[in-house]
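Structure assessment
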Amino acid sequence: MYFQESFTSMIQISHFQIFNISIICPSGYFPLQKAECCIQTLQQWGYTVQVGKTVGLQYHYFAGTDAERLQDLQQALDNPNIQAIFCARGGYGLSRIIDQLDFTAFMQHPKWVIGFSDITILHARLQRLGFPSLHAPMANAFNEGGVERASVQSLKAVLFGQPIHYTVAPHAFNRLGNVTAPLVGGNLTIIAHLIGSVDSIDTKNKILVMEDVGEYLYNIDRMLIQLKRAGMLQNLAGLLVGGFTDMKDTTIPFGKTVEEIVWEHVAEYHYPVAFHFPVSHGEPNLAVKLGVTYQLSVAEHGVELKEIIK
């Protein structure tokens, strides 16, 4: 059951009953036929699925105009009979409408918001309001046998009320340590994009998780410098470095791997750091609740992330 402790608090939840899921596209265009496997699977899991107008709708790059995407998302946020909002795709577009959204009805009838990538903007707003959300696979992950893969199965486990408890293999760059703290973050590009806005993520005494796709190595370096200059890396409780897939390099090589770039920027600190955490634009991309507290253990034999249930 959700409850709001204060405007900036992080709320602890384990599970609440889900009956109805709304699937929408608040950002980039996503064809309806590519969402069909996801819709059918959610129905097979026992949910009633309401398909929003933006699924399959196209306006250039976007899933409809700003006004159409805003209306579809607002209706889902306002609907007291919806227990989860499933974002079919990320891409780009939420920052164009986020400040026009009204969360008054949502705060009276909270629900899961599910997605990653550009959906990090929604996650950040919900963290600011004190509500948890789900950084988790979206519709395309269900296709081509994806339903049976660990990513989609992890989402199913969370929706069915199973507490999160992941173990990950050790990595040579890991920094050992144990900490208990709330988890925040998501896509690195979006985290950097939000700096200076009302939705800039508060990372102090938090475990930060980050991942990205298709970026130049020098841009990863630049974004981490921006986080550091904004004071977002200095006072972390811990850092989970997820997948950085399809990275690109310049004609004159940058000269460092992603792991080396990250390590260079956090080497002076003392909090635990875990590399190759299974959150990614690729596989695996395990579901994690943002805005809830975890116990993080980074040891020589491996990494453990365990949700704290209160």
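The rules behind the values
Residues numbered from 1 in each chain as written. Predicted model: local features only at pLDDT ≥ 70, side-chain atom pairs only at ≥ 80, totals over all residues. Heavy atoms only, no water. Helix = DSSP H or I, 4+ residues; strand = E, 2+ residues; numbered from the N terminus. Buried < 20%, exposed > 50% of the residue type's maximum accessible area, 1.4 Å probe, protein only. Lys, Arg positive; Asp, Glu negative; His and termini not counted. Salt bridge = Lys/Arg side-chain N within 4 Å of Asp/Glu carboxyl O. Contact = heavy atoms within 4.5 Å. Pairing = 2+ DSSP bridges. Axes fitted to C-alpha atoms, helices over the stretch in contact; angles between N-to-C directions. pLDDT = per-residue confidence, 0-100. Polar contact = N/O pair within 3.5 Å; in protein donor to acceptor, adjacent residues only side chain to side chain. Disulfide = S-S within 2.5 Å. 1 Å grid on protein atoms, 1.4 Å probe; cavity = no way out; pocket = protein on both sides within 12 Å on 5 of 7 lines; lining within 4 Å. Points joined across faces, edges and corners; volume = space filled by probe spheres on them. Nonpolar A, V, L, I, M, F, W, Y, C, P; charged D, E, K, R; others polar. Phe/Tyr/Trp six-rings, centres within 6.5 Å; stacked < 30°, edge-to-face > 60°.

**Side note on the side chain of Asp 212**
Tracing the backbone through its elements, the reader meets Asp 212 in strand E8 (residues 207-213). Lys 248 is the oppositely charged side chain nearest to the buried, salt-bridge-free Asp 212, at an N-O distance of 9.8 Å. Aside from chain neighbours lying at most four places away, what touches Asp 212 is Asn 187, Leu 188, Thr 189, Ile 220, Met 223, Gly 243, Phe 244, Thr 245, Met 247 and His 281.

**What about the sheet that holds strand E11 (residues 288-290)?**
The six strands lie next to each other as E2-E1-E3-E4-E5-E11, forming an open sheet whose pairing is mixed. In this open sheet, the two strands that pair with only one neighbour each are strand E2 (48-51) and E11. Recorded for the sheet is a direction-independent mean angle of 25 degrees between the axes of neighbouring strands. Bridge analysis of strand E5 (residues 133-135) against E11 gives three bridges, and the strand direction is antiparallel. Counterpart to Leu 134 in the pairing with E11 is Lys 289.

**Notes on the pattern of salt bridges**
On inspection of all chains with the given rule, the structure shows nine salt bridges. A salt bridge links Asp 66 to Arg 96; the nearest nitrogen and oxygen atoms lie 3.0 Å apart. Placement of Asp 66 in helix H2 (residues 66-78) and of Arg 96 in the loop between strand E3 (84-87) and helix H3 (104-108) is noted, with a sequence separation of 30 residues between them. Using a relative accessible area of 41% as the deciding quantity, one classes Arg 96 as partly exposed. When the shortest N-O distance is used, the salt bridge between Arg 125 and Asp 199 registers 2.6 Å. Note that Arg 125 is positioned in helix H4 (residues 120-129) and Asp 199 in the loop between helix H6 (188-193) and E8, a separation of 74 residues in sequence. Residue class for Arg 125 comes out buried when judged on its relative accessible area of 6%. The class for Asp 199 is buried, based on a relative accessible area of 4%. Within the structure, one salt-bridge network assembled from shared partners comprises Asp 99, Arg 125, Arg 128 and Asp 199.

**Description of the confidence of the model for the chain**
Put simply, the chain has an average pLDDT of 94, and 95% of its residues get 70 or more. Within the model, pLDDT remains below 50 along residues 1-15, and this stretch shows 52 contacts once partners closer than five positions in the same chain are excluded.

**Description of the environment of Asp 66**
Judged by relative accessible area, Asp 66 falls into the partly exposed class, the value being 23%. In the structure, Asp 66 is positioned 118 residues away from Val 184 in sequence and 27 Å away in space, judged by C-alpha atoms. One polar contact links Asp 66 to Arg 96, side chain to side chain, over a distance of 3.0 Å.

**Some words on the state of the cysteines**
In this structure the tally under the stated criterion is zero disulfides. Cys 37 supplies the cysteine sulfur nearest to Cys 38, a cysteine that is in no disulfide, at a spacing of 7.6 Å. Given a relative accessible area of 0%, Cys 38 falls into the buried group. No disulfide involves Cys 87; its sulfur sits 8.2 Å from that of Cys 25, the nearest cysteine.

**So, H4**
Burial analysis of H4 places nine of its 10 residues in the buried class, which makes it a mostly covered element. Looking one or two places after H4, you find Gly 130, whose phi comes out positive at around 95 degrees.

**With respect to the layout of surface pockets**
A water-sized probe rolled over the atoms picks out the places where empty space is left. Reported here for the largest pocket is a volume of approximately 450 Å³. If you go around the largest pocket, you meet 23 residues; those closest to its centre are Phe 116, Met 138, Asn 140, Ala 141 and His 281. Residues belonging to the lining of the largest pocket are distributed by class as follows: eight nonpolar, 10 polar and five charged.

**A short note on the environment of Phe 62**
Looking at the element boundaries, Phe 62 is found in the loop between E2 and H2. The class for Phe 62 is buried, based on a relative accessible area of 13%. A sequence separation of 30 residues divides Phe 62 from Tyr 92, and the C-alpha atoms of the two residues are 7.6 Å apart. Each residue touching Phe 62, except ones within four places of it in the same chain, is listed here: Ser 27, Gly 28, Tyr 29, Leu 57, Arg 69, Tyr 92, Gly 93 and Arg 96.

**As for the packing of aromatic side chains**
Tallied over the entire structure, the rule returns 10 aromatic pairs. For the pair Tyr 61 and Phe 62, a centre-to-centre distance of 5.4 Å together with 85 degrees between the ring planes defines the contact as edge-to-face. By relative accessible area, Tyr 61 is classed as partly exposed at 38%. Centroid distance Tyr 269 to Tyr 271: 5.7 Å. Interplanar angle 20 degrees. Geometry classified as stacked. Overall, the relative accessible area of 5% leaves Tyr 271 in the buried class.

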